[in-house]
Protein chains: 2
Amino acid sequence: MQTVRVALGERGYPIHIGAGLLDRADLLAPLLPQPRVAVVTSATVAPLYLDRLARALAGAGVACVPIVLPDGEAHKDWATLNGVFGALLERRCDRGTTLVALGGGVVGDLAGFAAATYQRGVPFVQVPTTLLAQVDSSVGGKTAINHPLGKNMIGAFHQPRAVLADMDTLATLPPAELRAGLAEVIKHGAIRDAPFFDWLEANLDALLGLDRNALAHAVKRSVEIKAAVVALDERETGPRALLNFGHTFGHAIEAGLGYGAWLHGEAVAAGMVMAAELSVRLGTLERTAADRLRRLLERAGLPVAGPALGPERYLDLMAVDKKAEAGRIRFILLDRLGEARIAGSVPADALRATLTACSGK
Amino acid sequence: MQTVRVALGERGYPIHIGAGLLDRADLLAPLLPQPRVAVVTSATVAPLYLDRLARALAGAGVACVPIVLPDGEAHKDWATLNGVFGALLERRCDRGTTLVALGGGVVGDLAGFAAATYQRGVPFVQVPTTLLAQVDSSVGGKTAINHPLGKNMIGAFHQPRAVLADMDTLATLPPAELRAGLAEVIKHGAIRDAPFFDWLEANLDALLGLDRNALAHAVKRSVEIKAAVVALDERETGPRALLNFGHTFGHAIEAGLGYGAWLHGEAVAAGMVMAAELSVRLGTLERTAADRLRRLLERAGLPVAGPALGPERYLDLMAVDKKAEAGRIRFILLDRLGEARIAGSVPADALRATLTACSGK
């Protein structure tokens, strides 16, 4: 097991990465104000891992209230959240009950927002079971649900007390979800760490083949990069926006197709290609670097073009993206592989040309 | 105008108290990251004060998105909150848009929770128009909505950037709401300031007669007391619980009758009589002090007994109160007028006897 620490002062916490962590209730028990947790999980993950975690907790004297959610991004909404509140109230969970998210990004985001707002905030632990959640959504304290008019529009910053990323859980992950997680791994290299990007080019086949050591390294390096950025800027007023590379386009794809049509990582992959193309058109990135990014994503089996929504529909969708400032759209551009930058504004013609070049006809 | 400062470091803020403050956009404009606000108000308050505030803001170059909510505690729920999110998204409000709550406690609690969670948090200003909101709910950063299974069960701590308590708005307040506000004023004297309690006994008639100077003094002293307690304990892990004197019983009354049947202040008044009676039965408070509290509340036209729910129903209702710890019910008791204390546990027989003595048959 390796541990990365997120440096946020009194809100700092450890991210443990390794195999067999679902059995390690000893990592959780000392963090709990009360020997009771509510484990929020999904219909897919519950049969795979809930009993194992609950048994380990019981062995440490911790009681477990299971709350099983329907699967998928379409359920990351108020109705599902309200079901969690109802279950917590019916079981008389109080401010000392810790919420444990066992699952992917949807479970983590929703359970985290429940933890942020149930009785004005209860302790929270993340046990991410997808690669995407391990390298991205479980780190940094962002929690949210979707609104019909926009993704993640309702949420809070609420840091977990700990994250347990168990490599064992990746064995049951559908291949498409593994690839979607790799999109965010590749993003971390692209925005912040050129040697890691090189490593990914060299080790992509091992990652796709579920090589444990390769996966653990990819998770650890991703988490280190993300944790470092988050520590600089917990509330996303500045550099944290770099982590949104590919996301302004990606969110437009997700909203335009309806949440859940594409996996988040798939939309981000196409969005990164678009953002790189925009960087090339604005003269900040060399074409060869954009091509390397596209090829790596393609090798990972990820989409490298957006769906054919038409440029104007993309622009409409991006204007309500929450990363917009005072009505302006903000973009993350690349200067080179390993170095990203926040652009305050972007000429509309370059944006339209990019959308035309990088989305289906 | 007088100003009380809430000492919470970088989250500290001023509470301005006086007449004509709705016209003082100069107090707000410097706090806004962007010259646009969304004013959340109620169907009752909008026709009285919305235009006046919007005109003042327009004079300072600040645009105003009005959002008018249906009236009453029954609407402090997810459906209403979601309407606020929808309006903000339709008007493309972003993270720099400040939410202004213009109204009573329901508007302030709901708008504050909207500000805490819209796009993971936007700036917030309180313009409370009821005595209750001025002396209580607008101070301290507690925001919430109700759940069918419990009052204020879903919420967040989100401090405003400023509070404007305009005495002018109390002129249009229904008398029952003035009295309900006085319940919390009396609470502040009872838990923390015996000379203020004496002053309230001497000046109750002036307050009921809407004497401006008396009201401004009562608001200022209440706010000072509450701000001092909040500064000690922003997240309610310790002494802030003292402010819940009368509220464990009061919340049970509100939940038992259905939200909105009694005003919050009315429920708290009866709850304080119950908490004082419990203090007498446990031997910590003299009977004469409990009688003084009861008489002052009675003179203010407030209920001094709970509805006839039956002791067991009260106990059921109190066990899901969010002030409970690990399934235990926590009570605020008085040692004398001006001095309150948190009781970790209370004998069930004294509690049942109190409920029988202090609620209708």
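Residues numbered from 1 in each chain as written. Chains lettered and ligands numbered in written order. Predicted model: local features only at pLDDT ≥ 70, side-chain atom pairs only at ≥ 80, totals over all residues. Heavy atoms only, no water.

Novice: Give me the lowdown on the domain arrangement of chain A, citing residues and values where you can.
Specialist: When the parts come together, some accessible area is lost, and that loss is often what is quoted as the size of the interface. Residues and elements named next belong to chain A. Taken domain by domain, chain A comprises domain 1 (2-172) and domain 2 (184-357). Relative to domain 2, the C-alpha centre of domain 1 lies at a distance of 26 Å. For the pair domain 1 and domain 2, the summed buried area comes to about 2800 Å², and 67% of that belongs to carbon and sulfur atoms. Looking at the side of domain 1 facing domain 2, the largest losses of area belong to Val135, Lys151 and Phe157, adding up to 22% of the total buried there. If you look at where domain 1 meets domain 2, you find four salt bridges. Note that arginine 11 and glutamate 234 form a salt bridge whose closest N and O atoms lie 2.6 Å from each other. (Domains from an automatic or database assignment. Buried area = accessible area lost by both parts, 1.4 Å probe. Salt bridge = Lys/Arg side-chain N within 4 Å of Asp/Glu carboxyl O.)

Novice: Quick rundown of the interface of chain B and chain A? Include the residues and the values.
Specialist: Taken together, the 38 residues of chain B in the interface contact 38 residues of chain A. Approximately 3200 Å² of surface area, both sides summed, lies buried where chain B meets chain A, with 56% of it carried by carbon and sulfur atoms. Considering only the surface of chain B that becomes buried against chain A, Trp78(B), Leu89(B) and Arg120(B) emerge as the three largest contributors, covering 24% of it. Linking chain B with chain A are zero salt bridges. Put simply, chain B and chain A have six residue pairs in polar contact (both at pLDDT 80 or more) between them. If you list the elements that add at least two residues to the side of chain B that touches chain A, you get helix H2 (78-90), helix H3 (105-117), strand S7 (142-147), strand S8 (150-157) and helix H11 (311-319) of chain B. Counted by class, the side of chain B that touches chain A contains 17 nonpolar, ten polar and eleven charged residues. (Contact = heavy atoms within 4.5 Å. Polar contact = N/O pair within 3.5 Å; in protein donor to acceptor, adjacent residues only side chain to side chain. Helix = DSSP H or I, 4+ residues; strand = E, 2+ residues; numbered from the N terminus. Nonpolar A, V, L, I, M, F, W, Y, C, P; charged D, E, K, R; others polar.)

Novice: Quick rundown of the environment of Ser138(B)? Include the residues and the values.
Specialist: Residues and elements named next belong to chain B. Along the chain, serine 138 turns up in the loop between helix H4 (131-137) and S7. The class of serine 138 is buried, set by a relative accessible area of 1%. Considered as a pair, serine 138 and glycine 112 are 26 residues apart in the sequence and their alpha carbons are 9.2 Å apart. Setting aside chain neighbours within four positions, we find serine 138 in contact with Tyr13, Gln126, Pro128, Ala133, Pro160 and Val163. In this structure the side chain of serine 138 is engaged in a polar contact, spanning 2.8 Å, whose partner is the backbone oxygen of alanine 133. (Buried < 20%, exposed > 50% of the residue type's maximum accessible area, 1.4 Å probe, protein only.)

Novice: Explain the sheet that holds strand S9 (residues 162-166) of chain B to me, using residue names and the numbers behind them.
Specialist: Strands pair in a sheet through their backbones, by hydrogen bonds, and they do so in one of two ways: parallel or antiparallel. All names here are of chain B. Reading across from one edge, S1-S2-S9-S6-S5-S3-S4 is the order of the seven strands in this open sheet, with mixed pairing throughout. Each end of this open sheet is capped by a strand with a single partner; those strands are strand S1 (2-6) and strand S4 (63-69). For this sheet, the mean inter-axis angle between neighbouring strands, taken without regard to orientation, is 20 degrees. By the bridge criterion, seven bridges tie strand S3 (residues 36-42) to S4 in an arrangement that is parallel. (Pairing = 2+ DSSP bridges. Axes fitted to C-alpha atoms, helices over the stretch in contact; angles between N-to-C directions.)

Novice: Would you mind going over the relation of the copies chain B and chain A in detail, with residue names and values included?
Specialist: Overlaying chain B on chain A yields an RMSD of 0.0 Å, the required transformation being a rotation through 180 degrees with an accompanying axial translation of 0.0 Å. Here the transformation between the copies is reduced to the relation of a two-fold axis. For chain B, the minimum C-alpha distance to the rotation axis belongs to Trp78(B) and amounts to 4.2 Å. Most of the interface of chain B is mirrored in chain A: 100% of its interface residues are interface residues there too. (Least-squares fit on C-alpha atoms with pLDDT ≥ 70 in both.)

Novice: Could you give me a rundown of H11(B), with the residues and numbers involved?
Specialist: Those residues of H11(B) that sit buried are Tyr314(B), Leu315(B), Leu317(B), Met318(B) and Ala319(B). Elements in contact with the buried residues of H11(B): helix H8 (247-257), helix H9 (264-281), strand S10 (331-336) and helix H12 (348-357) of chain B.

Novice: Please give an account of the pattern of salt bridges that cites residues and values.
Specialist: Residues and elements named next belong to chain B. By the definition in use, this model includes 46 salt bridges over all chains. Residue aspartate 23 is joined to arginine 52 by a salt bridge in which the shortest nitrogen-to-oxygen separation is 2.9 Å. Remark: arginine 52 occurs in helix H1 (residues 45-59) and aspartate 23 occurs in the loop between strand S2 (13-18) and S3; sequence separation between them is 29 residues. By relative accessible area, which is 42% here, aspartate 23 ends up partly exposed.

Novice: Any chance you could break down the side chain of Gln159(A) for me, citing the residues and the numbers?
Specialist: Residue and element names in this part refer to chain A. Along the chain, glutamine 159 turns up in the loop between strand S8 (150-157) and strand S9 (162-166). At a separation of 3.3 Å, a polar atom in the side chain of glutamine 159 contacts the side chain of tyrosine 13. Side-chain polar atoms of glutamine 159 contact the side chain of glutamate 234, separated by 3.1 Å. Apart from residues lying up to four places away in sequence, glutamine 159 is in contact with Leu8, Arg11, Tyr13, Gly140, Gly141 and Glu234.

Novice: Residue-level account of the sheet that holds strand S2 (residues 13-18) of chain A, with values.
Specialist: Residues and elements named next belong to chain A. In spatial order, the strands read S1-S2-S9-S6-S5-S3-S4; together these seven strands make up an open sheet with mixed pairing. In the strand order of this sheet, the two ends are held by strand S1 (2-6) and strand S4 (63-69), each with one partner. Looking at each pair of strands side by side, their axes are set apart by 20 degrees on average, direction ignored. Each of strand S3 (36-42), S4, strand S5 (98-103) and S9 touches helix H1 (residues 46-59); the most contacted strand, S3, lies at about 170 degrees to it. The strands that helix H7 (residues 212-232) touches are S1 and S2; relative to S1, the one it contacts most, it runs at about 15 degrees.

Novice: Talk me through the confidence of the model for chain A; I want residue IDs and the actual numbers.
Specialist: Residue and element names in this part refer to chain A. Chain-level statistics for chain A give a pLDDT mean of 93 and a share of 97% at 70 or above. Under a pLDDT of 50 for its full length, residues 320-327 has, in the predicted model, 28 contacts with residues more than four places off or in other chains. Interface scoring of the predicted complex returns ipTM 0.87; its pTM is 0.88. (pLDDT = per-residue confidence, 0-100.)

Novice: Please set out the packing of aromatic side chains residue by residue, giving values where relevant.
Specialist: The full count for this structure, using the stated rule, is nine aromatic pairs over all chains. A centroid spacing of 3.6 Å and a plane angle of 5 degrees characterise the contact between Trp78(A) and Trp78(B), whose relative ring orientation is stacked. Of this pair, Trp78(A) sits in helix H2 (residues 78-90) while Trp78(B) sits in helix H2, placing the two residues on different chains. Trp78(B) matches Trp78(A) in its accessibility class, with the two residues each being buried. Members of the aromatic cluster, each reached through a chain of ring pairs, are Trp78(A), Phe85(A), Tyr118(A), Trp78(B), Phe85(B) and Tyr118(B). (Phe/Tyr/Trp six-rings, centres within 6.5 Å; stacked < 30°, edge-to-face > 60°.)

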